[in-house]
Structure formats: C-alpha cells, structure tokens
2 protein chains.
Amino acid sequence: TTGLQMSKTLALTVLACLSFCICVCRAEDSAMENMVTERKVEDNHRQDSADLLIFIMLLTLTILTIWLFKHRRFRFLHETGLAMIYGVLVGVVLRYGIHVPRDISNVTLSCHVNASPPTLLVNVSGKFYEYTLKGEISASEISDVQDNEMLRKVTFDPEVFFNILLPPIIFHAGYSLKRRHFFRNMGSILAYAFLGTVISCFIIGLLMYGCVTLMKQVGQLNGDFFFTDCLLFGAIVSATDPVTVLAIFNELQVDVDLYALLFGESVLNDAVAVVLSSSIVSYQPEGDNSHTFEVMAMLKSFGMFLGVFSGSFALGVATGVMTFTKLRDFQLLETALFFLMSWSTFLMAEACGFTGVVAVLFCGITQAHYTFNNLSPESQDRTKQLFELLNFLAENFIFSYMGLALFTFQNHIFNPTFIVGAFLAVFLGRAANIYPLSFLLNLGRRNKISSNFQHMMMFAGLRGAMTFALSIRDTATYARQMMFTTTLLIVFFTVWVCGGGTTQMLSCQHIRVGVDSDADNSVKGSERRSTKHESAWLFRIWYNFDHNYLKPILTHSGPPLTVTMPACCGPLARCLTSPQAYENECQLKDDDSDLILTDGDISLTYGDITVSTDASGAHISAGPAGTTSAVISADDLDRELTYGDHELVMRGTRLVLPMDDSEPPLADPRHRMRM
Amino acid sequence: TTGLQMSKTLALTVLACLSFCICVCRAEDSAMENMVTERKVEDNHRQDSADLLIFIMLLTLTILTIWLFKHRRFRFLHETGLAMIYGVLVGVVLRYGIHVPRDISNVTLSCHVNASPPTLLVNVSGKFYEYTLKGEISASEISDVQDNEMLRKVTFDPEVFFNILLPPIIFHAGYSLKRRHFFRNMGSILAYAFLGTVISCFIIGLLMYGCVTLMKQVGQLNGDFFFTDCLLFGAIVSATDPVTVLAIFNELQVDVDLYALLFGESVLNDAVAVVLSSSIVSYQPEGDNSHTFEVMAMLKSFGMFLGVFSGSFALGVATGVMTFTKLRDFQLLETALFFLMSWSTFLMAEACGFTGVVAVLFCGITQAHYTFNNLSPESQDRTKQLFELLNFLAENFIFSYMGLALFTFQNHIFNPTFIVGAFLAVFLGRAANIYPLSFLLNLGRRNKISSNFQHMMMFAGLRGAMTFALSIRDTATYARQMMFTTTLLIVFFTVWVCGGGTTQMLSCQHIRVGVDSDADNSVKGSERRSTKHESAWLFRIWYNFDHNYLKPILTHSGPPLTVTMPACCGPLARCLTSPQAYENECQLKDDDSDLILTDGDISLTYGDITVSTDASGAHISAGPAGTTSAVISADDLDRELTYGDHELVMRGTRLVLPMDDSEPPLADPRHRMRM
C-alpha cells in the first residue's frame, strides 16, 4: 500500500508539472504578439522546451504507472498501450482544454520566383532574415497552418520518427534476435516475413481498392484515391509489431518456437514493409496518365525493391562485420566505437539512397553474431543496456505521440466505410499470410506449426511503431490523410484489444505456458534432433562456412584458419587468424590431439563457446580455453546456438532457463560420432 | 605490433569511409542543380546524413587513435586535443580540397511586411511552400550565405552545442563530483569559482577594453567594439575546463586536494560564466545611447545574475531531490526515469527562462548526493555508464567540431593585436584569480594551498567546451566574430600546450605523483582531523541538518525522523520516514541499543554507509544492516564522505585507493567519544 500511495503522490507531482508546462506554453503564446522579432527566435526555443517537456512528463508518467502495473502483476495493459492512453488524454487537453488566440504572425508572400530554394533570404525593411524550406503545403492546409499554432507546435516533423526514433528500436530488435531458435526456424520466418508480407500487402491493397471503388460510386469519396495508394496502405499496415504479445510470452514462458516465429517475423517484415512502401511510392509510369498499370514501371519498382533491400542488407552486414574491436581494455572507447559504428551504418545507408532502417537491422544482427563475441564482458553489458534503454524510450515516445496525434493532428479524415473496410482487409490479409503459408511450411517441417499456434500468430498481428512512422511520413494528399487516420485506429485497436487479450487467447487456444525448456527438451529431444537433420541442410552448409571461415576471421574465437583452409592458402590463413586463436589451437593440440580427425563428409571444426548465464548475473566465460575439438553434427550446431542464445536477453526478462539442454561440450565424443 | 598493425588497418578503413562520404557530398552538390523542388528536401536529408557521417567518422578515428595512445601510454596528447587535430585536418580538406560550384539557388526576396514572422508561406506559381525562420543575417554575411554551400552545411546551428551537447557534459561533471574532497575544500572551491570568475571576467574585460581602445587609435579596428563586448569576452573565456589535466592527474594519482580544487572550480565556474555572460548580454541601458554605463541597468543585470543563478540552482536541486525512485526491482524503468528527470530539469529551466545548463549541473550534484543512494546497484552502474558515454561522445564531438570550425567557419577575423592582447589578458586574469584568492584563503586554511599547487592551478586554466559554446552562440557582429576567432585560438593553445605539458609541469613544480591515499593519511592524519574541526564549522552545521533531516526524507537510509525530530512533530516524522529506515531502526535497537546516547552539544545520529569498491568491480553493499549508531564527529563526517566518494569514479579511472582511511565503523565507539 505504501507503494501505491507513493506512486499516487508521484503521479500527482508529475501531473502538476504537466499542467505547469502547459501553462508556460499558454503564457508564451499570449505574450508573443508584442515582442520584437529578434526575441521571437529565443521564445520559440523556450516554447520548444516546454513542448518537449510535455512528452517527457508523459513518458515519466508512463514509467511510474508501468512500475505500478509490474509491481501488481497486471498483464492486461502493456507499457506501449498505456503510453497511448496517456497520449490520448494529453491530446484531448491540448485540443479542447486550451483556447489559443488566432495566430496572425504567418504571412503569405507571393513572389515571382519559379522555384522554391532551400534557403530564402527575406529583406524586411532593410534587415535580412534567413528562412529554410520546410516543405510544400497543399492549398487545403493553409488555413490550418494559420489556425492553431499550439497544436502545430506539438506536431513533430514526421522525419523525426524515421531518422531518430525508429533506428534504435529496429537495431535493438536485430541485436536481441534470439539466435538459436531464430536459426532453427529460419526458413519459416523468412517465408512469413518475405512472402507473407508481400501477400498481405497485395491482398489488403486489392481489397481496399474494391472498397474505394465502392465508396466512389456511393459518392463518399471527396478526393483522389488511386490503386497505388491502396497498395501503399497494404504495405504500411503489413508491418507487424507484437511487442505487447512478446512481452507477455516472455513473462509466461510460452513455447520458444512460437516466440521465435513471431519475433523473427515481426523483425524482418518491418524491413520488407519499409522497402516495399518506398518501391510503391517510386512506382511512376511514364507519360501523363500516371496512375495506370505499366509493366516497365512495375519492373522498375521491383528492381528498386531488390536493389534497395540488398544494398541496405549488404551495407548493414558490412559495417556490422567491420566493427572489429580490439579495444577490450578500454570499455568506454569500445562502447563508444560500437555505438558510432551502428549509427554510421544508418547514415551511410541514407547518404547512399538506401534505407537506413533496414541497414541498421542487419547491422544489429551481424554485430550480435560476430562483434559481440569480440567485446569485453563489460562492454557486452553496456551495449545491451544502452540499446535497451534507447529502445524503451523511443518506443514509448512513439506510442505516446500516437495517442497525442489522434487529437492534435489537424487533418484527420474519419471515413467509417474506409475504416471498416480496412479492418476487414487487415484481418483477411493477415489470415492470407499465416494460414496458407503455415500449410505449405508444414509440408516441409517435421516440427509442425500446430493450428493453435497458427491462430495465435494470426491474433498476434499487432501494428505498431513502424506502421505509424510509415503512415505519418507523408500526409499531404487526401488519400494519405485518410490512410493515416485509419492506420492510427488500427494500431490503437490491435494494441489495446489484441495486446490486452493475449493471456485470454493463450488459455483459450490451450497453449501451454510456463514451458520449462528442460522439460521441453526431454520430451521431444530425440524428435527434435532428427528434425534438424532433415530440414536445416541449407542452413548447415552456411553454418559450416560461417564457423570455419567467417568466425575465425571476424572474431578471436573459432578454429585457426590454418586448419580449416586448404594448404595452398597457408600464408593468407596465417595473416588473417587472430593470435588468440593460435593460442587456442596450441592448447587444443596439447590437450586432445587424439580427438582431431578428418572425415570426408563432415568437415573438421573446433567448438568455441562463450557461456554467460543471465540468471545469476554472473559471467562464466568458458572462452577459448574451455573449448574442445569435436566433429560437427547437428547436435553441436544446436548446442553452440544454445550457448550463444543466452548472451542476449530481451527486455531484461529471461525467456529460457540458461544452460537448458547442455551436455557438457567434452562429454564422450565417441558417442556423438556414432550418430 | 599486431595491435599497431590492426589499428593502422582500421584507421585506413575509416579514412576510406571519410573520403567516400566526402565524395557523396560532392556528388550530391553537383547533381543538385537540375532537380525538381520536391526532391530537394529529400536530397537535403541525404546531404545532412553525409555531413553527420563526417563527424562520426572523425569521432571513430579519434577513438581508434586514442586507444593506440592509451595502449602505448602516451600522455602528451589527450583525446580532446587529438579530436581537435583531426578536426583541423578535415576542415582543411573541406575548405581547400573541395571545389564547390557557386550555389545559385538562394533567392533574396524584398517584400513589404514590417515584421519577420516565424513561419513564412511562399506562393511559388500556385504552390505553397513553408519556410521557417532561422535567424537574422547581417548585411556582410549575405554574400557568404550565397557563397559556399558545402561549408555552410557542415556548420551546425550554434544552439545545438548549448542545448544538446553541453548538458550531458555538465551533468556528468556534477554527477561525478568527488564528494568527500569536494566538500572538504568547499569554501576554497566556492571562492575560486564565484569570486575568482568574476575577478577574472572584469580583469580581462578591462584589459581588453584598453587593448581595443589602443587598436581604435591606431586604426586597426573596422567595426564597433563596446565595453560590454569586452566584458562578455571576459565572461566567456573565464570558464575553465581542465579535462586534459584532470585525466592526467587521475592516471598519475596526483594529490587529491589539488584535484578536488581544480575539478570543483572548473565545474562551478562554468555555471558562473554562463549566467554572467547572459547577464552581460542583457545589460541594456535605457534610451538611445545604449553603450554607456548606467547604474540602474547595471543593478538590473546584477539582479538578473542572482535571479537566474538561484532560479536555476533551485530548479536543479528540486528535480534532483524529486527523483525519488522506488523502482529498484525494474532497473530499466529506474534508469529511464533517472534519465528523463535529468533531461526535464534542463527543459524546465529553459522553459522558465533560467539557464538549463546550470540547473542540470546542480541537479546532477543533488542526484549524486541523494538519488544515487536510492538506486539499485545495477542502476547505479547503468546511469554512471550512460552519462559517461554521453559525456565522452559530446565532449569529443565539440572538440573535433572546434578543429573543423577553424577552417570552415566563414567569418573569422584574425586580428594579431587583439589576439596577443587576449592571450596576455587571459594569463593575467587567471593570475588575478588564483594568487590573491589563494593568499586570502591560506589565511583561513590550516591545510595551506602551497605555492607549487598555486602555480599548477594557474597553469591548468585550460579553456574548453563551455568557452566554445558560449562564443559560437552569437557571431553576428564584428566584435563577436573577432572574439570567436580569438577564443578558438585560446582553446587550441591551452589544450595543446598547457594540456600537453602537464606532466612536465608536474615534475617541474615537484608535485608528488603516485600519492597513495593511505600513506597520505597516515602522514598528516592528525593534522587533517584538527583542520576540519576548525575550518568546516559552517559545513558541519549543514551536514548535521542534511544527515538528520534531508537524508532520511529523501533516501531510504539515514536515521528515522522519529528519532531526529522533536517529539511534537511525531506524526509528520512518521509519515515522512521510509519504512526501510524503520527496519533499520529496529535492528539498531536490538543490536546496539546501549550505544544510543544523547549529547547536548553533538546531536545523535546513525551512520549509514554504502560501500562500493570500484577496484575489483564487485559491489559490497554494507547497506542499512551493516550500520551502527555513533556519535557524530568530524571524523565520522569525513568517513562517510569517504565512503560516498568511491561510488563515483570519473572517466573510469580510479583516483584514490578504495577503503583508504577506513577504521571499521564498529571499531570502539568509546574511543571516538573521548575525542
């Protein structure tokens, strides 16, 4: 009860501050008219501070409430849902609670230039003022611009979301991909993320086109709405973000494969949706009739999709790989370097015309796979915590802004027909993604995706930060404004209803919770082992390459290249191998040289394992010294991924018990060879 | 040698990237002319990404080189000095290496409005474009604006430094104030910081006014230069930032009192300089003759100084105190809340018209004193590391930008007479601060500031980030531009020459290095004890109040208020005391009730100690359970500060050995009472 009381006091304090800073805003506004121009810039700054303060107070309030919820173990509302509620409340206050005098300081100049330069110098009675271009404004918006300064002030530049808030979220997702279960279900995840997103995009696009055509005939449409707009809408709402669901899965220890499927899909389909939408926007057939179907433009768009995606992918992987830190002794430098490299990936991709967000995602995955192993244990903690914090702040900021935008955004177009149509289309699009693909995948999978898992995945198709950022990016035309409003409602509905009903859905679908990974393994251990042998052959080829060549080059661990490479490449191999790997090798030769043997079919390898148990918080780095040589098998592969798995823990909560199915690496190699 | 080779490779890679992104800039620039307006905004974004990339690459390069220096134990160049060198190199390349075609896209509009609105709508042949006000431009600058777009692009908005980069630096300084030695030398530090900075400001201002008057008579001056400008220059260059010197002190374990004096002075005089300069700027006598001396305006400025300073101080302390986290179980929430509260302090101060930087400084000091004790150990680490990283990045960014600005800033005015005069004035100003004040302080101090310490403090008057941020804030007039150029040169000289010569100066002044705090204590232990008794009486009154009332209210530790408050305030005391403090009390009553005694002269208290040794990295939280009751004495006071001291370590390097002069808290209370 003391906690409750305390938090009430705190919440009241925060509310007081909130109203205080709203008052500051008001005072600023009314005093603004009779001030000299030079002070206006300064006042703008104070105003901006007050606006930002509103958001920070919102976040503070969210944090305090969330603490209360976690304290009391309420699961019906996730922090993101809560941030939205608070955002809506503040939005209502800003919209209706505050009367703002009509701002008369905006002036429309008509001039005879035939281009709009990025910088404008205005000669006002002898003094020159510099103006920078903010963007084009449609004729309908002009009255709004002059109308409510206060609401415009709390409206951020849409690009802020894409360039500042989204990158840490996406990077964190990539950096915390649970590698073992992710790789085990790689095929299915890729299918859902790529094929599924494209299917969903086109299904939703087509359905919405039908809906729009219908509306046009009934006369409900007051502006243009082309097929490309419908497709864009499909791409935008195809990016799922089941952050609420995953948090609950984490807490309740739901089946790890289901978790991996959902998380992996949601991470990758964000990337697909971004590139897809930018390709659709760039779809511009030649000539005047710019909204008909044309094969060439279509192919160009498709080529652009592939180009941008692979470019961003390559760039992300390249910088991820480049971050080859040897600064283990100076953790601050190491962490700073890691942070800067991740950021420069984003900037580099943007400067090249690729998609920074996608590059950052793959940079994160690569860094988790290679660079993470090179970091000192302290830097591993630091980077994890840093990106966790950034992710937390950015995510909650976006969601509370969403709540705010419902009331402060000036150009909402609520069209009931369109909204109902969109909800139906989103539902059908998700269904067309999950069920047919699951059926096809189950043909190839031994470890079938059961129907209750499919229903759960269907249900967990929440929309979140990425969908919002994509839809707010451009709200210039009638179609885009209607899309933005509808998208906002879809996000609200899915986060509150689907997110809030996760526990009910889990029990309704009889999905086991509290799955102890240990028990799980003992039950279907043998089955799982054979599954892997059959399904993951493509992956195993890649794994062998990764383990024998990439890991030794890019990290200090792994077998020395002098062993894995053909003899002719000796000098090159010696040059590329880290000295630590040699030490490793010497040790191995001394200890268990009798275990090293060559096999025609399966290549020779050394198991390198970095164990870190997150349960106790202590690090037990088995490191190079504790490793042994072993013949690679699906079993080893699985074990290594298992160990790697524990290094990254999502949202501070542990998903699986550490050291779950670990036979010690040294245990009876002969037994393994019999397999 | 492998390390050297490796870092060479890395440096080459980074250089390649750097040249790559400069090429991108170029390509962008040349392609810009024949593009449609709507795409220009997008291109601007790509351009901005490339520009930012230059800085990130610069930082990366700095980090790699610094790693090399630390690896090889080079001490002649600190990371900030290095960042400046790289900045200068890139600045030269940008200035002379790249030919940029004359940008013709800037248009000057002459219009008949008599005010410059914050937002401008321009009607360009039917389409409306929105422009935002960036600021006034003096007539002389117009040609520059139209001249070199590339150089303008890498020039940041000066407010970025003040509102984004400076706050984390200042907060970190406050948060990492070494509390024990800081409090022990509080009086001297306050004297140097307040009196000293004001003296230095006026001395430099007067000397520069003499210099300027001379220049006017010789005809070297091409513009106005008023006395207020001279005073402003004095205020700007009075902010010292001996980050280089302190880093070396840390490494060499120089005397802790000298360290505390230098660090404390530099932290506080930043705050004084900021408020002083804003007061000077606001000094505007009534009437037309706006640059004469006037008592009223002077008093108004002085009142403003007091108002802004105390307002910022109060706000900072208030939010610092408000951050009363009870979220110990959820470290992520705790860290996020802590971060947000610090940031909101800044924004709140700015919104109220106070100085955010000053508020943030005192917020940091307060949080280190109170809030830090409420945090969970993990959050203590997290917040320390987070602000350490932010400080590192911001600091190096500012210094590399300084290097860049030497060549890319367009309005440099190099005036040799002014520069020589400024160097002399800065030297004399520093001398007028240190020597007379040290003489006066030594009259009151038992632990005298010896003359070699005084010389060292004189020598360590480096100028850094704050001086730069203040001088770049406004470069509109002739006087300001000349001041900016000169300030830049002063920073360069002091960082490179004084910073680089620190080790030489130390040995030249025969200042002992490698001072083991243990030895230090055994030598002058008794002397120190009596020193405190005499000199710190004011401080002890405050300390008693703090320990008996503030700490129990604001943290979970300390004696319950029910004990320390008079009986009549019983209910209030019960309400304000944290339940944990009661547990504490119960335990104490059980364990050592015989030790609790009242003394008419010295008030009763409970020692609460949180020990954390940073040497081993492990946390030994003695916490409430390990505490005992003891009669407060100067000795206890000192011990408590000692323990608190180890919690905060600056720049990851340990200054004093942990647990230096620790008699165990339980050891023989009777002995202590005899004192």
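Residues numbered from 1 in each chain as written. Chains lettered and ligands numbered in written order. Predicted model: local features only at pLDDT ≥ 70, side-chain atom pairs only at ≥ 80, totals over all residues. Heavy atoms only, no water.

What to know about the overall build of chain A
For step 1, the next point in the chain: Each helix and strand in chain A was counted, giving 27 helices and five strands.
For step 2, the next point in the chain: Buried positions account for 61% of the 675 residues belonging to chain A.
For step 3, the next point in the chain: Taking as baseline every contact in chain A between residues at least 6 positions apart, the subset at least 24 positions apart corresponds to 80%.
For step 4, the next point in the chain: In the form shown here, chain A has an accessible surface area of approximately 26,300 Å², with 63% of it arising from carbon and sulfur atoms. (Helix = DSSP H or I, 4+ residues; strand = E, 2+ residues; numbered from the N terminus. Buried < 20%, exposed > 50% of the residue type's maximum accessible area, 1.4 Å probe, protein only. Contact = heavy atoms within 4.5 Å. Areas by Shrake-Rupley, 256 points an atom, 1.4 Å probe, with all protein chains shown as cover.)

What to know about the environment of Ile490 of chain B
All names here are of chain B.
For step 1, the next point in the chain: Within the secondary structure, Ile490 sits in helix α19 (residues 478-500).
For step 2, the next point in the chain: The buried category is assigned to Ile490, whose relative accessible area is 1%.
For step 3, the next point in the chain: Between the C-alpha atoms of Ile490 and Cys508, which are 18 residues apart in sequence, the distance is 23 Å.
For step 4, the next point in the chain: Among residues more than four places away in sequence, those in contact with Ile490 are Phe233, Val237, Ala422, Phe423, Val426 and Arg463.

Here we look at helix α13 (residues 331-352) of chain B
All names here are of chain B.
For step 1, the next point in the chain: The end-to-end C-alpha separation of α13 is 31 Å, in line with the 32 Å expected for 22 residues at 1.5 Å each.
For step 2, the next point in the chain: Across the 22 residues of α13, 19 count as buried, placing the element largely inside the fold.
For step 3, the next point in the chain: Once α13 finishes, Gly353 follows within two positions and takes phi at roughly 90 degrees, a positive value. (Expected span 1.5 Å × (residues − 1).)

A short note on the pattern of salt bridges
For step 1, the next point in the chain: Using the criterion set out here, one finds eight salt bridges over all chains in the structure.
For step 2, the next point in the chain: With its nearest N and O atoms 3.4 Å apart, the salt bridge here joins Glu378 of chain A to Arg382 of chain A. Of this pair, Glu378 of chain A and Arg382 of chain A both sit in helix α15 (residues 377-408), four residues apart, which is roughly one turn of the helix.
For step 3, the next point in the chain: In this structure Arg382 of chain A comes out as buried when scored by relative accessible area, which is 8%.
For step 4, the next point in the chain: Among the charged side chains, a network of salt bridges with common partners joins Glu378 and Arg382 of chain A together with Glu388 of chain B. (Salt bridge = Lys/Arg side-chain N within 4 Å of Asp/Glu carboxyl O.)

Remarks on a nonpolar patch on the surface
Residue and element names in this part refer to chain B.
For step 1, the next point in the chain: The grouping of Ile203, Leu207, Phe427 and Leu428 at the surface amounts to a nonpolar patch, some 330 Å² of accessible area in total.
For step 2, the next point in the chain: Every element with two or more residues in the nonpolar patch is listed here: α8 (186-218) and α16 (416-444).
For step 3, the next point in the chain: Relative to the helices and strands, Leu428 is located in helix α16. (Patch = residues over 30% accessible without salt bridge, like charges linked within 9 Å, V, L, I, M, F, W, Y side chains within 5 Å.)

Section: the packing of aromatic side chains
Residue and element names in this part refer to chain A.
For step 1, the next point in the chain: Considering all chains together, one arrives at 48 aromatic pairs over all chains under this definition.
For step 2, the next point in the chain: A ring pair is formed by Phe161 and Phe468, whose centres lie 5.3 Å apart and whose planes are at 90 degrees; its orientation type is edge-to-face. Taken together, the residues span a long stretch of sequence, with Phe161 in helix α6 (residues 158-175) and Phe468 in helix α18 (residues 465-472) at a distance of 307 residues.
For step 3, the next point in the chain: The rings of Phe55, Phe161, Phe397, Tyr401, Phe409, Phe468 and Phe484 are connected pair by pair, giving a single aromatic cluster.
For step 4, the next point in the chain: Over the ring of Phe162 we find Arg473; its NZ or CZ atom is 3.8 Å from the centre of that ring. (Phe/Tyr/Trp six-rings, centres within 6.5 Å; stacked < 30°, edge-to-face > 60°. Lys NZ or Arg CZ within 6 Å of the ring centre and 35° of its normal.)

Things to note about the environment of Thr228 of chain A
Residues and elements named next belong to chain A.
For step 1, the next point in the chain: Inspection of the secondary structure puts Thr228 in helix α9 (residues 227-236).
For step 2, the next point in the chain: Note on Thr228: relative accessible area 15%, which makes it buried.
For step 3, the next point in the chain: Separated by 40 residues in sequence, Thr228 and Leu268 place their C-alpha atoms 23 Å apart.

Considering the confidence of the model for chain A
Close inspection of predicted coordinates is inappropriate in any region flagged by low pLDDT.
All names here are of chain A.
For step 1, the next point in the chain: Chain-level pLDDT for chain A is 71 on average; 61% of the residues reach the 70-or-more range.
For step 2, the next point in the chain: Here strand β4 (residues 604-606) stands out as the element of chain A with the lowest mean pLDDT, 30, in contrast to helix α16 (residues 416-444), whose mean of 92 is the highest.
For step 3, the next point in the chain: Of the regions scoring below 50 in pLDDT, residues 518-535 engages in 31 contacts with residues more than four places distant in sequence or in other chains.
For step 4, the next point in the chain: Segment residues 583-675: pLDDT under 50, and 183 contacts once partners within four positions in sequence are set aside and those in other chains are kept.
For step 5, the next point in the chain: As a predicted assembly, this complex carries a pTM of 0.75 together with an ipTM value of 0.73. (pLDDT = per-residue confidence, 0-100.)

Section: helix α11 (residues 256-281) of chain A
In an α-helix, one full turn covers 3.6 residues, which means residues spaced three or four apart are oriented alike.
Residues and elements named next belong to chain A.
For step 1, the next point in the chain: Relative to the 38 Å expected for 26 residues at 1.5 Å per residue, α11 spans 37 Å between its end C-alpha atoms, a close match to the ideal helical length.
For step 2, the next point in the chain: Within α11, 24 of the 26 residues are buried, leaving the element largely enclosed by the surrounding structure.
For step 3, the next point in the chain: Here α11 starts with a cap whose side-chain oxygen sits 2.8 Å from the backbone nitrogen of Asp257, and that cap is Asp255. (Polar contact = N/O pair within 3.5 Å; in protein donor to acceptor, adjacent residues only side chain to side chain.)

Quick notes on the side chain of Ser400 of chain B
Residues and elements named next belong to chain B.
For step 1, the next point in the chain: Here Ser400 is to be found in helix α15 (residues 377-408).
For step 2, the next point in the chain: Residue classification places Ser400 among the buried residues on the basis of a relative accessible area of 0%.
For step 3, the next point in the chain: If we skip the residues at most four places from it in the chain, Ser400 touches Leu58, Leu59, Ala83, Met84 and Gly87.

With respect to the packing of helix α9 (residues 227-236) of chain B against α19 of chain B
Residue and element names in this part refer to chain B.
For step 1, the next point in the chain: Closest axis-to-axis distance for the α9/α19 pair is 11 Å, and the angle between their directions is 25 degrees. Relative to α19, the element α9 lies roughly parallel. As for how α9 packs across α19, the hand of that crossing is right-handed. Contacts from Asp229, Leu232, Phe233 and Ile236 of α9 reach α19 at Ala479, Arg480, Met483, Thr486, Thr487 and Ile490. (Axes fitted to C-alpha atoms, helices over the stretch in contact; angles between N-to-C directions. Parallel < 35°, antiparallel > 145°, perpendicular 65-115°, else oblique. Left-handed = near helix turned anticlockwise from the far one by under 90°.)

Let's talk about the side chain of Thr487 of chain B
Residue and element names in this part refer to chain B.
For step 1, the next point in the chain: Mapped onto the elements of the fold, Thr487 is located in helix α19.
For step 2, the next point in the chain: Owing to a relative accessible area of 2%, Thr487 belongs among the buried residues under this scheme.
For step 3, the next point in the chain: Polar side-chain contacts of Thr487 include one of 2.5 Å to the backbone oxygen of Met483.
For step 4, the next point in the chain: Beyond its immediate sequence surroundings of up to four residues, Thr487 is in contact with Phe233, Ile236, Val237, Thr467 and Ser471.

Structural notes on unusual backbone geometry
For step 1, the next point in the chain: Non-glycine residue Gln253 of chain B carries a positive phi angle of around 55 degrees.
For step 2, the next point in the chain: With respect to the helices and strands, the residue Gln253 of chain B is situated in the loop between α10 (243-252) and α11 (256-281).

Some details on the environment of Gly421 of chain B
All names here are of chain B.
For step 1, the next point in the chain: Of note, Gly421 is situated in helix α16.
For step 2, the next point in the chain: Of the residues examined, Gly421 reaches a relative accessible area of 17% and is grouped as buried.
For step 3, the next point in the chain: Taking C-alpha positions, Gly421 is 6.8 Å from Met208, a pair spaced 213 residues apart along the chain.
For step 4, the next point in the chain: What Gly421 contacts, discounting residues up to four positions off in sequence, is Met208 and Cys211.

With respect to the packing of helix α3 (residues 79-97) of chain A against helix α19 (residues 478-500) of chain A
All names here are of chain A.
For step 1, the next point in the chain: Remark: α3 packs on α19, axes separated minimally by 9 Å, with the N-to-C direction vectors making an angle of 130 degrees. In terms of axis orientation, α3 runs oblique to α19. Both α3 and α19 take part in a crossing whose hand is left-handed. Here α3 contributes Thr80, Gly81, Met84, Ile85 and Val88 to the contact with α19, which in turn contributes Val491, Phe492, Val495 and Trp496.
For step 2, the next point in the chain: A class-by-class count of the residues in the contact of α3 with α19 yields seven nonpolar, two polar and no charged. (Nonpolar A, V, L, I, M, F, W, Y, C, P; charged D, E, K, R; others polar.)

Overview of the state of the cysteines
Residues and elements named next belong to chain A.
For step 1, the next point in the chain: A complete count under the given rule lists zero disulfides over all chains for this structure.
For step 2, the next point in the chain: The thiol of Cys211 is unpaired, and the distance to the nearest cysteine sulfur, on Cys230, comes to 8.3 Å.
For step 3, the next point in the chain: Taking the relative accessible area as the measure of exposure, Cys211 reaches 11% and is therefore buried. (Disulfide = S-S within 2.5 Å.)

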